[in-house]
Amino acid sequence: MVDMHSSLDTEAAESQRWAGIYKLLDRESLIHPEFEPVPEIKDFVKSAKILVIGAGGLGCEILKNLALTGFKDIHVIDMDTIDISNLNRQFLFRRADVGRPKAVTAAAFVNKRVHGVTVTPHYCKIQDKDEDFYREFAIIICGLDSIEARRWINATLVNMVDPEDPDTLKPLIDGGTEGFKGQARVILPGMSSCYECSMDMLSKPTGFPLCTIANTPRLPEHCIEWASVLEWPNKHGERKMDTDDPKDIQWLYETALTRAKQYNIQGVTYSLTQGVVKNIIPAIAATNAIIAASCCNEAFKIATTSAKYLDNYMMYSGNEGVYTYTFQHQKKEDCPVCGQSTTKLEFRGDKTLEEFMDYLKEKPDAQLKKPSFAIGGKPLYMQAPKQLEEALRPNLSKTLAELFSSGDEITVTDSTLPFSMQVQVTFA
């Protein structure tokens, strides 16, 4: 038999918890005169499915904020497990949780602490889910530390959009932090600038000379790079390292630690190994809190229309004070994801294909790792399989003018990209 008094007490407690939020939705808005307070808006906030990608430093803050903002159906996806170094800022975890999945642990903590909210965990990679999964959500919020993962979800959501069906457009709110700096942005796939449009704004990952890491390592980072760049291919062949897989990171850590001991180098840790291979800059809890608050504020504005949402990029700097700057990042017409035209490049025809490949690796808005090339369906150079790579390797020393004509379009694919790029190369 249902205890009616207990049920009523629970409902009253839940109403009290979100009373401040509901006040915003029960009256007209001074900052957004078009807003009309109707009961359906509160119902939508309660029922809307929100997906949080990442349950780390940003993700913990985002989950807490969403739960306390009135969103009751939250999902979180993360394939990482809890490391002891996470405990200083990822406050949903405790020492006893070390080694457990972040998504599962974070969801359990919020479910226990905030009654009336259901957080559903998904302990897997985002690539393991198909488009049907992402179609379930009203809003998607990213708290990722991986550029590759951001590029993947961005391209997936853009490709999902059907101009004839407004429900296929899923707003993407992306947050990121880098020490005392951070940013939050609102991406409306197909309508506003997408993540790929801003690749040239990213700082270039730190690299180390190959001769140093191979012959004269002096830093723990040198040992980790040696394990990643030189030893991994020797031991694993063509299998690509998965920087989100704890098993792969563990192998790198153990291999780098062995090399560090050989050269009497201190400081190789599991967390540093993650940081080097994923280009992670140490996180600061205050920055995470500020950016997560901005992301959740935008989610609330989009869900309720109680205020105009960000259009479309906010940058934060806490190095010498508290400074924010908001601007509208423009769509790139030649964006390989949301643009309608082919990417155009000028490059000397007397340069080799290998030099062209190195150029694309260094190009800020491309950031390719192992590109492959084809023209008219015919491969020019392919990274895999091994037999095809060996057969096409002589093309790397040929000039572009020997391989194709100025103005031709070539197809570029890379393991970091969930899409292929069409590039028109004009000889300079």
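Now for a quick tour of the structure. (Residues numbered from 1 in each chain as written. Predicted model: local features only at pLDDT ≥ 70, side-chain atom pairs only at ≥ 80, totals over all residues. Heavy atoms only, no water.)

Points about the nonpolar core
Among the nonpolar cores identified, the biggest contains 51 residues, and Ile-53, Tyr-134, Leu-353, Phe-356, Phe-373 and Ile-410 are the most heavily contacted of them. Of all the elements, helix 7 (residues 147-160) adds the most residues to this core, at seven residues. Once residues within four sequence positions are removed from consideration, Ile-410 is found in contact with Phe-356, Phe-373, Ala-374, Ile-375, Leu-380, Phe-404, Met-421, Gln-422, Val-423 and Val-425. Residues Phe-93, Ile-139, Val-186 and Tyr-316 belong to the second largest nonpolar core, which totals 47 residues. (Core = buried A, V, L, I, M, F, W, Y, C linked by side-chain atoms within 4.5 Å. Buried < 20%, exposed > 50% of the residue type's maximum accessible area, 1.4 Å probe, protein only. Helix = DSSP H or I, 4+ residues; strand = E, 2+ residues; numbered from the N terminus. Contact = heavy atoms within 4.5 Å.)

Re the pattern of salt bridges
Under the defined criterion, the tally for this structure stands at 17 salt bridges. Here Lys-369 and Glu-148 are joined by a salt bridge, their closest N and O atoms 2.8 Å apart. With Lys-369 in the loop between helix 13 (353-362) and strand 10 (372-375) and Glu-148 in helix 7, this residue pair connects regions lying 221 residues apart in the sequence. Here Lys-301 makes a salt bridge to Glu-298, at a shortest N to O gap of 2.9 Å. Residue Lys-301 and its partner Glu-298 are both found in helix 12 (residues 285-304); the two are separated by three residues, about one turn of the helix. The structure contains a network of salt bridges with shared partners spanning Glu-131, Asp-132 and Arg-135. (Salt bridge = Lys/Arg side-chain N within 4 Å of Asp/Glu carboxyl O.)

Let's talk about the packing of helix 9 (residues 220-236) against helix 11 (residues 270-277)
With their axes 10 Å apart at the nearest point, helix 9 and helix 11 run at an angle of 65° to one another. Comparing their axes, helix 11 and helix 9 come out roughly perpendicular. The hand of the helix 9/helix 11 crossing is right-handed. Mapping the contact onto sequence places Pro-220, Glu-221, Ile-224, Glu-225 and Ser-228 in helix 9 and Leu-272, Thr-273, Val-276 and Val-277 in helix 11. Residues that form the contact of helix 9 with helix 11 fall into these classes: five nonpolar, two polar and two charged. (Axes fitted to C-alpha atoms, helices over the stretch in contact; angles between N-to-C directions. Parallel < 35°, antiparallel > 145°, perpendicular 65-115°, else oblique. Left-handed = near helix turned anticlockwise from the far one by under 90°. Nonpolar A, V, L, I, M, F, W, Y, C, P; charged D, E, K, R; others polar.)

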